[in-house]
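Chain and residue survey
Each chain is listed here by its residues.
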Amino acid sequence: MFKLLLTPGTLTLTEMRRVYEEPVHITLNPECFAAVDAAHQTVLDVVAAQGTVYGINTGFGMLADMRISDADLEQLQQNLVLSHAAGIGPRLDDGVVRLIMVLKINSLARGYSGVRRETIEQLVALVNHAALPCIPAKGSVGASGDLAPLAHMSVTLLGCGEFHWRGKIRPAAEVLESLGLSRLQLRPKEGLALLNGTQVSTALALAGLFQAETLLGSGLVIGALAVDAAMGTDVPFDARIHDIRGHAGQIACAAAYRMLLDNSGICASHRDCPRVQDPYSLRCQPQVLGACLDLICSVAETLHIEANAVSDNPLVFAAEGVTLSGGNFHAEPVALAADTLALSIAQIGALSERRTALLIDEHLSHLPPFLVENSGLNSGYMLPQVTAAALASENKSLAHPASVDSLPTSANQEDFVSMAAFAARRLGDMAENTAGVLAVEYLCAAQGVDFRAPMQTSPQLLVALTQLREVVPFYAKDRIHTPDIVAAMAMVQSGALLELLPPELLPSRRQNAGVEVHR
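Notes on the structure follow. Quick caveat: nothing in here was measured; it's all calculated off a predicted structure. Every chain's residues receive numbers from 1 upward, in the order its sequence appears when written. Only residues with pLDDT of 70 or above have their local features reported here, since the model is predicted, and side-chain atom pairs are shown and tallied only from 80 upward, although totals for entire chains, interfaces and linings are computed over all residues. Here the side-chain values reflect all heavy atoms present in the structure, with hydrogen atoms and water set aside.

1. Focus: the overall build of the protein chain
Secondary structure assignment for the protein chain yields 20 helices and nine strands. Along the first, second and third principal axes, the C-alpha set of the protein chain runs to 85 × 45 × 40 Å. In the protein chain, buried positions account for 56% of the 519 residues. Between two residues, a contact is recorded if the distance between any of their heavy atoms is within 4.5 Å. Pairs at least 24 apart in sequence give 79% of the contacts found in the protein chain among residues at least 6 apart. Computed by Shrake-Rupley with a 1.4 Å probe, the accessible areas treat only the displayed protein chains as cover when residues are assessed. Entry remark: accessible area of the protein chain is about 20,700 Å², with carbon and sulfur atoms responsible for 56%. A distance of 3 Å separates the average location of the 35 positive side-chain charges in the protein chain from that of its 52 negative side-chain charges. A helix here means a DSSP run of H or I that spans at least four residues, while a strand means a run of E at least two residues long, and both kinds are numbered starting from the N terminus. Burial classes: relative accessible area under 20% of the type maximum marks a residue as buried, over 50% as exposed, and values in between as partly exposed (1.4 Å probe, protein chains only). Residues counted as positive are Lys and Arg, residues counted as negative are Asp and Glu, and His and the chain ends are not counted. Taken as the charge centre is NZ of Lys, CZ of Arg, CG of Asp or CD of Glu, depending on the residue.

In structure tokens, the structure reads:
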């Protein structure tokens, strides 16, 4: 289990990736509680002064002008949470829910939300016991916070809703009792602080980021293997070409291709061949994947900032004794970042599909038609390329930007929304598609390299080839392809091929990725 000492506002991308991928035990830096206590006292002072402050003693959204009596303030917060639990659809994956909860803890513990330390500690206890609220995937427009999904997280603190705990879906009240935790009675502003915020959109976008990194790294390795399978040249990866253009991602990807193809016997065997240039899908890999890497790095910076942000409303500034109403809950930065990731994920798959098409074409690859002996009797990899084309085409539709859409909500009070939750959620489907496209290319590239025997690929790429051959044998004659594709896809998604690349290539794999922010 990953043990995380959390100083609010300083989560790194590496830590977030581990929270997403494995159970975590959180210990909050006790120094944070002074700010938490001060902000909560400021909320109590506002109530005592009989002032009117949004979210503390008023209605919400279009009902913000309605003053609520002091006697009803706790009921107000409970009603808010219950009434906003309106999501539908399948529940979010455990890794995403765990990340949502940690991001919410990280935000509330910054000390600008006005909640009690007991409320934060309840969330920490649930994370540490791996009791994960069942959160429906659909229902957020990514403005005024991810209201519905965060409400489904929050109702469990009240003993309502359900947890996924110890492998089963269980009533929240039952799980709280089993863990020795009391149902929370929300105090002024606490319900709003729990529901406001971009943590769901951000967690989904971070999941997409981590998947995009895995796909890009896998695409580099598989693409290099395809170069050898097609007997392509390594000249286009020469550092001098990329240095004079200057794009950091392109330079880094070209260096990765040089490293992967170094000492390839196949590559050395045809240095003086008459072919002048390879097709773009081989030759321009650093330019295409390098551009994707630059976008991924930019998105990583945006999401790192947002994950450490305070994004509820209103915000409590205890030092000045004031609350300020703004719009940090608007997830436009996340929506645009997710749309950018969608382009990268689509392009990684689109380029891979073109290399697969090249490899099965005997006129371009100079390999047996469809990469199988006795072609005609055997159809070989004809249909896997069709599958790859279908997946790549589907991603073209999914890549349409979600952030350009907006539908007003709350009787036009919330008149421009980000659609960040869907922008980020659809990244999972796109990543699944691209993993399938890369799996098909992995199979084809390995088949092509095997046909080049007795010549061998590089020692680095031989590792990738050997790993695949441990689970998928050479395709000697026609058999059902799906088990092979599934096995190759599992290897891609596991990140095993990333071990062949320098860790500094991908943002969340760098040591202590992300600088500390918001001191």
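We are not done yet, so read on.
2. Remarks on the environment of I120
Tracing the chain through its elements places I120 in helix α5 (residues 117–128). In this structure the C-alpha to C-alpha distance between I120 and L4, which are 116 residues apart in sequence, comes to 15 Å. Among all residues touching I120, those that are not within four sequence positions of it are L28, V36, I105, L108, A109 and V115.

3. A few points about the layout of surface pockets
Where empty space is left can be seen by rolling a probe of water-molecule size over the atoms. Quantified by volume, the largest pocket comes out at close to 460 Å³. Lining the largest pocket are 25 residues; nearest its centre among them are L80, H84, L147, S410 and E414. Where the lining of the largest pocket is concerned, the elements lending two or more residues are α3 (73–84) and α6 (147–155). Under the scheme applied here, ten amino acids are nonpolar (Ala, Val, Leu, Ile, Met, Phe, Trp, Tyr, Cys and Pro), four are charged (Asp, Glu, Lys and Arg), and all others, including Gly, are polar. Of the residues in the lining of the largest pocket, the class split is 12 nonpolar, 12 polar and one charged. Cavities and pockets are found on a 1 Å grid laid over the protein atoms alone: a cavity is a set of points where a 1.4 Å probe fits but cannot escape, a pocket is an open set with protein on both sides within 12 Å along at least five of seven lines, and a lining residue has an atom within 4 Å of such a point. Grid points are joined across faces, edges and corners, and a volume is the space filled by probe spheres set on the points.

4. Things to note about the nonpolar core
In this text, buried Ala, Val, Leu, Ile, Met, Phe, Trp, Tyr and Cys residues form a nonpolar core when linked through side-chain atoms within 4.5 Å. Counting residues in hydrophobic clusters, the biggest one holds 163 residues, and the most contacted among them are L206, L209, L359 and Y442. Those residues within four positions of L359 in sequence are excluded, and the remaining contacts are A226, A229, A230, S365, L367, L371, C444 and A445.

5. A short note on the packing of aromatic side chains
Only the six-membered ring of Trp is used, alongside the rings of Phe and Tyr, when aromatic pairs are assigned; centres must lie within 6.5 Å, and planes under 30 degrees apart are stacked while those over 60 apart are edge-to-face, with the rest tilted. Applying the stated rule across the entire model yields five aromatic pairs. Here the aromatic rings of Y381 and Y475 are separated by 5.1 Å at their centres, their planes lie at 50°, and the arrangement is tilted. One end of the pair, Y381, is in the loop between α16 (362–365) and α17 (382–398); the other, Y475, is in the loop between α19 (459–469) and α20 (482–494), and 94 residues separate them in sequence. A residue is classified by how much of its surface remains accessible, and Y381, at 1% relative accessible area, is buried.

6. Looking at the sheet that holds strand β6 (residues 162–165)
Strands were regarded as paired on the criterion that DSSP finds at least two bridges between them. Strand order across the open sheet formed by three strands is β4-β6-β7, with antiparallel pairing between neighbours. The open sheet has two edge strands with one neighbour each: β4 (132–133) and β7 (168–171). As paired elements, β6 and β7 share four bridges and run antiparallel to each other. What sits directly across from F163, in β7, is R170.

7. Here's the deal with the environment of N128
Within the secondary structure layout, N128 lies in helix α5. Between the alpha carbons of N128 and A331 there is a distance of 28 Å; along the sequence they are 203 residues apart. Residues within four places of N128 in sequence aside, it is in contact with V24, H25 and I26. Polar contact criterion, stated in full: a pair of N or O atoms within 3.5 Å, where within protein one must be able to donate a hydrogen and the other to accept it, and residues adjacent in sequence count only if both atoms are side-chain atoms. At 2.6 Å, the side chain of N128 and the backbone nitrogen of I26 are in polar contact.

8. Some remarks on the pattern of salt bridges
Salt bridge, as used here: a side-chain nitrogen of Lys or Arg that lies within 4 Å of a carboxyl oxygen of Asp or Glu. All chains considered together, the criterion is met by 18 salt bridges. Between E213 and R17 there is a salt bridge whose closest N-O contact spans 2.8 Å. Of this pair, E213 sits in helix α9 (residues 199–229) while R17 sits in helix α1 (residues 13–21), and the two are 196 residues apart along the sequence. The buried category is assigned to E213, whose relative accessible area is 0%.

9. Side note on a nonpolar patch on the surface
Side chains of M382, L383 and V386 sit close together on the surface and give an oily, nonpolar patch of about 240 Å² of accessible area. Overall, V386 belongs to the partly exposed group, its relative accessible area being 42%. Patch membership requires more than 30% relative accessible area and the absence of a salt bridge. Residues of like charge join within 9 Å; the nonpolar side chains Val, Leu, Ile, Met, Phe, Trp and Tyr join within 5 Å.

10. Digging into helix α7 (residues 172–179)
What sets the pattern is the α-helix's 3.6 residues per turn: residues three or four places apart point alike. Residues of α7 that are buried include every one of A172, V175, L176 and L179, and no others. With its buried residues spanning 100° around the axis, α7 presents them on a single face. Elements in contact with the buried residues of α7: α5, β6 and β7. Just beyond α7, the residue with positive phi is G180, at close to 70°. By construction, the arc corresponds to the directions joining the helix axis to the C-beta atoms.

11. Examining the pairing of strand β1 (residues 2–6)
Within a regular strand, side chains alternate between the sheet's two faces. Only one face of β1 is buried: it carries F2, L4 and L6, and the other face, with K3 and L5, is open. In terms of strand pairing, β1 meets strand β2 (residues 24–28) through five bridges, oriented parallel. Within the sheet, the bridge partner assigned to L5 lies in β2 and is T27. In the classification by handedness, the crossover that spans β1, the intervening α1 and the parallel β2 is right-handed. Clockwise travel from the first strand over the helix to the second, with the strands pointing away from the viewer, marks a crossover as right-handed.

12. A word on the side chain of Q250
Its location among the elements puts Q250 in helix α11 (residues 248–261). The exposure class of Q250 is buried, given its relative accessible area of 3%. In this structure Q250 touches H242, R245, P286, Q287 and G290, once residues within four positions along its chain are discounted.

13. Examining the state of the cysteines
Put simply, a disulfide is two cysteine sulfurs that come within 2.5 Å. Under the counting rule described, the total for this entry stands at zero disulfides. The thiol sulfur of C292 is not disulfide-bonded, and the nearest other cysteine sulfur, from C253, lies at 8.4 Å.

14. Considerations on unusual backbone geometry
With an omega of -5°, the peptide bond between N313 and P314 qualifies as cis. Tracing the backbone through its elements, the reader meets P314 in the loop between α14 (285–307) and β8 (315–317). Look at the link from A453 to P454: it is a cis peptide, with omega at 10°. Assignment of secondary structure puts P454 in the loop between α18 (420–451) and α19. In this structure, A130 takes a positive phi of about 55° despite not being glycine.

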